[in-house]
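A structural walkthrough
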Amino acid sequence: MRRSFRLVSVAGLFAALAVAGCQERDRGGQAGAEVRKGGEGAAVQQPGTPPAAGQQQAQPAPEPIRDLTIVLVTPDRPTLFNRQVDLVGAQVQKVSNDRVFWVGPSAERTVPVYLDDQARSALQQGQHKLQKGDQVALVGEIRQSPNTQLAQQQWGLSSQEANELAGAQAYLHVTRILIGEKPGVQGGQQQGTQPGTQGGQQQQGGRTGGQGR
């Protein structure tokens, strides 16, 4: 009788283990199916995970620089490269040729300016010649200054001016220019004139000096 009880107990133990093994395999198969099912689509982003590089929202473009002082007081001017500029009332301190001149509050604090083909052509067609003391409105962007050799060969600058240009690190590449009267002349201030005025039409007390990008 005792032997029969032990045999039955051992048989029951094996049966219980077999059932438990089947249940474990079933749970493992279901988990594997869930993993495979999840792999069929896009990966699920976990909470707090930063978006992928391609999913990041585009940053808005910075506002155009409207104050020349920002350029003058920035020691690391390469950080301003490709920034748009929209200046009004910049004073011409020095004119090198029909493309290159310097603007700023004084002769010691200036930023070089280069006129592109359209702006230069507009000045020539309007028979306007830049002079020291002119006040100008400028639209363009900040770019890296060329080296001294290029400035002399292609910009027609003297060695001294080429060195000044290279030392400035950056210059204003201008696509539109509007010329006002010299300071101190009655009515010389441009009234309601903004760079980009349609057709570059002449305003009271001012003369147009460039249009079109």
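For the structure itself, look to the data block above.
Everything numeric here is computed off the predicted structure, so don't read it as measured data.

As for the packing of aromatic side chains
Throughout the structure, instances matching the rule amount to three aromatic pairs. Judged by centre distance (6.3 Å) and plane angle (80 degrees), the ring pair of Tyr 114 and Tyr 171 falls under edge-to-face. Of this pair, Tyr 114 sits in strand 3 (residues 109-115) while Tyr 171 sits in strand 5 (residues 170-180), and the two are 57 residues apart along the sequence. Pair check on accessibility: Tyr 114 and Tyr 171 agree, each one buried. Aromatic pair Trp 155 and Tyr 171: ring centres 5.0 Å apart, planes at 85 degrees, arrangement edge-to-face. With Trp 155 in helix 4 (residues 148-155) and Tyr 171 in strand 5, the pair connects residues that are 16 residues apart, well separated along the chain. An aromatic cluster is built from Tyr 114, Trp 155 and Tyr 171, whose rings are joined through pairwise contacts.

Quick look at helix 5 (residues 159-167)
Among the residues of helix 5, Glu 161, Ala 162 and Leu 165 are the ones counted as buried. The arc that holds every buried residue of helix 5, seen down its axis, measures 100 degrees, which confines them to one face. Among the exposed residues of helix 5, those pointing more than 90 degrees away from its buried face are Gln 160 and Gly 167. Packing partners of the buried residues in helix 5 comprise strand 1 (84-95), strand 2 (100-106), strand 3, helix 4 and strand 5. Positive phi appears at Gln 169, one or two residues downstream of helix 5, with a value of about 70 degrees.

Reading the values: rules and limits
Residues numbered from 1 in each chain as written. Predicted model: local features only at pLDDT ≥ 70, side-chain atom pairs only at ≥ 80, totals over all residues. Heavy atoms only, no water. Phe/Tyr/Trp six-rings, centres within 6.5 Å; stacked < 30°, edge-to-face > 60°. Helix = DSSP H or I, 4+ residues; strand = E, 2+ residues; numbered from the N terminus. Buried < 20%, exposed > 50% of the residue type's maximum accessible area, 1.4 Å probe, protein only. Arc of directions from axis to C-beta. Contact = heavy atoms within 4.5 Å.

In short, geometric facts, not functional conclusions.
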